[in-house]
Amino acid sequence: MSIMSDNMKFQLKKVAIIGSLSLALFFGSFYLVNFIDIHPAPKNASLIKSAQTPINNDLELKKRAGNSSFGLATYEGWAKINNLSGKDVYDADPDGDGLPNYLEYIYGTDPNNADSDGDGFSDSSEIANGYDPASKDESKVTVTIKIDKIGVDAPMVWSKTDNDVNMLSDLENGLSHFVKTAAPGQMGNMIISGHSSNYIWAKGNYNHIFKDLNNLEVGDIISIRIVQKNGRIIDYQYKINDKFITAPNDEKIFANTPNPSLTLSTCWPLGTNLRRVIVKAELVK
Ligand SMILES: [Ca+2]
Ligand SMILES: [Ca+2]
Ligand SMILES: [Ca+2]
């Protein structure tokens, strides 16, 4: 004979069903409240748009020359091979693609051909938007972000939209580059975010990648490496010049900058979505 009456069994079933429904509702709303607003879209979209200005002849950027794994023995040698001469050999733009010669040297593009890979997009517009100027297909360059001080070494994902669901799935695979913000080394504000914490059941290997972001200080270095499809490496270094904690909807973090800069963002305090730690840095080489 069963110990429980049919009525008791029914009551137990009811409790179980209501229990799981409430749990689902609880975690569902928790998800919405805590992670749906991870990247508030800036109201002033033009700020983002104007971040995509092409490289200019900023002398500061010259410091990057020589970082490339592919560099010919000397810039002078490369210039000679490409029939470049005269006092403007560094900054001149004989093919009129918007990329001065020294940047053609760094990126391994042809200083006498505005569209080195012949895909219909100029060398400078590809580089300014994160595309590979030496590869015909529509691939973006591979980017890795390294911050030795806090043990960060993670791939950057080129997020295609600022849609939260899309960005959350990108964050499973690394750090998310906010769509339409500057590409590495380029003029304007590049915005990158990562998780400081996440649910224990969340997918991905980068759920705590920015947990120590708040330990960074002014003067610390952030290294960003680009790898083109042909294996060419271009390294950039950004130096931190500001760090602050702000509200999730603080629009000033999206503001464009007149020089190549970097903004890192993560949720704060750990385990919540209440505030953001923001780290600002500027390109040093
Ligand atoms: Ca050029
Ligand atoms: Ca060119
Ligand atoms: Ca091209």
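Note: the structure precedes this text.
None of these values were measured; they are calculated from a predicted model.

Got a minute to help me understand the coordination of the calcium ion (ligand 1) in this structure?
For a metal with four tetrahedral donors the ideal donor-metal-donor angle is 109.5 degrees, while six octahedral donors give ideal angles of 90 or 180 degrees. Here the calcium ion (ligand 1) is held by the protein donor atoms Asp93 (OD), Asp95 (OD), Asp97 (OD), Leu99 (O) and Glu104 (OE), which lie 2.2 to 2.3 Å from it. Motif for the calcium ion (ligand 1), donor spacing along one chain: D-x1-D-x1-D-x1-L-x4-E. If you look at the calcium ion (ligand 1) and the calcium ion (ligand 2), they sit 4.1 Å from each other and are both ligated by aspartate 95. We classify aspartate 95 as buried; its relative accessible area is 15%.

Would you mind going over the pairing of strand S6 (residues 233-246) with me for this structure?
In summary, the side chains of a regular strand alternate between the two faces of the sheet. For strand S5 (residues 221-227) and S6, the ladder comprises seven bridges, and the chain directions are antiparallel. Each residue of the ladder has a partner; that of arginine 225, found in S6, is aspartate 235. In textbook terms, the turn of a hairpin is the stretch between consecutive antiparallel strands, and for S5 and S6 this stretch comprises five residues, one of which, glycine 231, has a positive phi near 95 degrees. Pairing analysis gives eight bridges linking S6 to strand S8 (residues 275-283), with the strands arranged antiparallel. Its bridge partner lying in S8, tyrosine 238 is registered against leucine 283.

Teacher, can you tell me more about the sheet that holds strand S7 (residues 261-268) here?
The strands that make up a sheet pair up through hydrogen bonds in the backbone, lying either parallel or antiparallel. The sheet built from eight strands closes into a barrel, its strands ordered S1-S2-S3-S4-S7-S8-S6-S5 with mixed pairing. With direction set aside, neighbouring strand axes in the sheet form an average angle of 30 degrees. Sheet topology places strand S3 (residues 175-177) next to strand S4 (residues 189-193); two bridges connect them, and they run antiparallel. Residue pairing for S4: histidine 177 is matched across the bridge by isoleucine 192.

Even after reading the chapter, I still don't get the pattern of salt bridges, so can you show me in this structure?
Per the counting criterion, the structure on display carries six salt bridges. In this structure, lysine 149 and aspartate 220 form a salt bridge, with 2.9 Å as the shortest nitrogen-oxygen distance. In this pair, lysine 149 sits in the loop between strand S1 (142-147) and strand S2 (152-158) while aspartate 220 sits in the loop between S4 and S5, placing the two residues 71 residues apart along the sequence. On the accessibility criterion, lysine 149 (43% relative accessible area) is partly exposed. Within the structure, one salt-bridge network assembled from shared partners comprises Lys149, Glu217 and Asp220.

For this particular structure, what's the right way to read the environment of asparagine 256?
Mapped onto the elements, asparagine 256 comes out in the loop between S6 and S7. Residues asparagine 256 and methionine 187, spaced 69 residues apart in sequence, show a C-alpha to C-alpha distance of 9.1 Å. In this structure the side chain of asparagine 256 is engaged in a polar contact, spanning 3.4 Å, whose partner is the backbone nitrogen of asparagine 189.

Could you clarify how one ought to interpret the side chain of serine 261 in this entry?
Its location among the elements puts serine 261 in strand S7. For serine 261, a relative accessible area of 7% puts it in the buried group. When near neighbours in sequence (up to four residues on either side) are disregarded, serine 261 contacts Gly188, Asn189, Met190, Tyr238, Ala281 and Glu282.

How should the packing of aromatic side chains be read in this particular structure?
Aromatic rings considered in pairs are described by the distance between their centres and by the relative angle of their planes. Evaluated as defined, the whole model comprises three aromatic pairs. On the numbers, 5.2 Å between centres and 70 degrees between planes, the contact of phenylalanine 178 with phenylalanine 254 is edge-to-face. Of this pair, phenylalanine 178 sits in the loop between S3 and S4 while phenylalanine 254 is found in the loop between S6 and S7, placing the two residues 76 residues apart along the sequence. In this pair, the class of phenylalanine 178 matches that of phenylalanine 254, namely buried. Where tyrosine 199 meets tryptophan 201, the ring centres are 5.0 Å apart and the plane angle is 5 degrees; that geometry is what we call stacked. On the basis of relative accessible area, tyrosine 199 is assigned to the buried category, the value being 14%. It is lysine 140 that lies over the ring of tyrosine 131; its NZ or CZ is 4.7 Å from the centre.

Honestly, the nonpolar core in this entry has me stumped. Any pointers?
Nonpolar side chains tend toward joint burial in soluble globular proteins. One finds Ile147, Ile222, Ile224, Tyr238, Leu262 and Leu264 to be the most contacted residues of the largest nonpolar core, which totals 45 residues. The greatest single-element share of this core, amounting to five residues, is contributed by helix H4 (residues 101-107). When we break this core down by domain, the ones giving at least three residues each are domain 1 (40-53 + 140-283) and domain 2 (59-128). Those residues in contact with leucine 264 that lie beyond four places of it in its chain are Ile147, Ile192, Phe210, Leu213, Ile222, Val277, Ile278 and Val279. Within the second largest apolar cluster, eight residues are counted, among which are Met167, Val179, Phe244 and Ile253.

I tried to follow unusual backbone geometry on my own but got confused; where do I start?
Apart from glycine, the bulk of residues carry a negative phi angle, and the bulk of peptide bonds sit in the trans form. Residue tryptophan 268 is joined to proline 269 through a cis peptide bond whose omega torsion reads -10 degrees. Looking at where proline 269 falls in the secondary structure, it is placed in the loop between S7 and S8. Backbone geometry places lysine 180, a non-glycine residue, at a positive phi of 70 degrees. Note on placement: lysine 180 falls in the loop between S3 and S4.

Thresholds, definitions, all that
- Residues numbered from 1 in each chain as written.
- Chains lettered and ligands numbered in written order.
- Predicted model: local features only at pLDDT ≥ 70, side-chain atom pairs only at ≥ 80, totals over all residues.
- Heavy atoms only, no water.
- Donors = N, O, S within 2.8 Å, 3.2 Å for Na, K, Ca; no water.
- Buried < 20%, exposed > 50% of the residue type's maximum accessible area, 1.4 Å probe, protein only.
- Pairing = 2+ DSSP bridges.
- Helix = DSSP H or I, 4+ residues; strand = E, 2+ residues; numbered from the N terminus.
- Axes fitted to C-alpha atoms, helices over the stretch in contact; angles between N-to-C directions.
- Salt bridge = Lys/Arg side-chain N within 4 Å of Asp/Glu carboxyl O.
- Polar contact = N/O pair within 3.5 Å; in protein donor to acceptor, adjacent residues only side chain to side chain.
- Contact = heavy atoms within 4.5 Å.
- Phe/Tyr/Trp six-rings, centres within 6.5 Å; stacked < 30°, edge-to-face > 60°.
- Lys NZ or Arg CZ within 6 Å of the ring centre and 35° of its normal.
- Core = buried A, V, L, I, M, F, W, Y, C linked by side-chain atoms within 4.5 Å.
- Domains from an automatic or database assignment.

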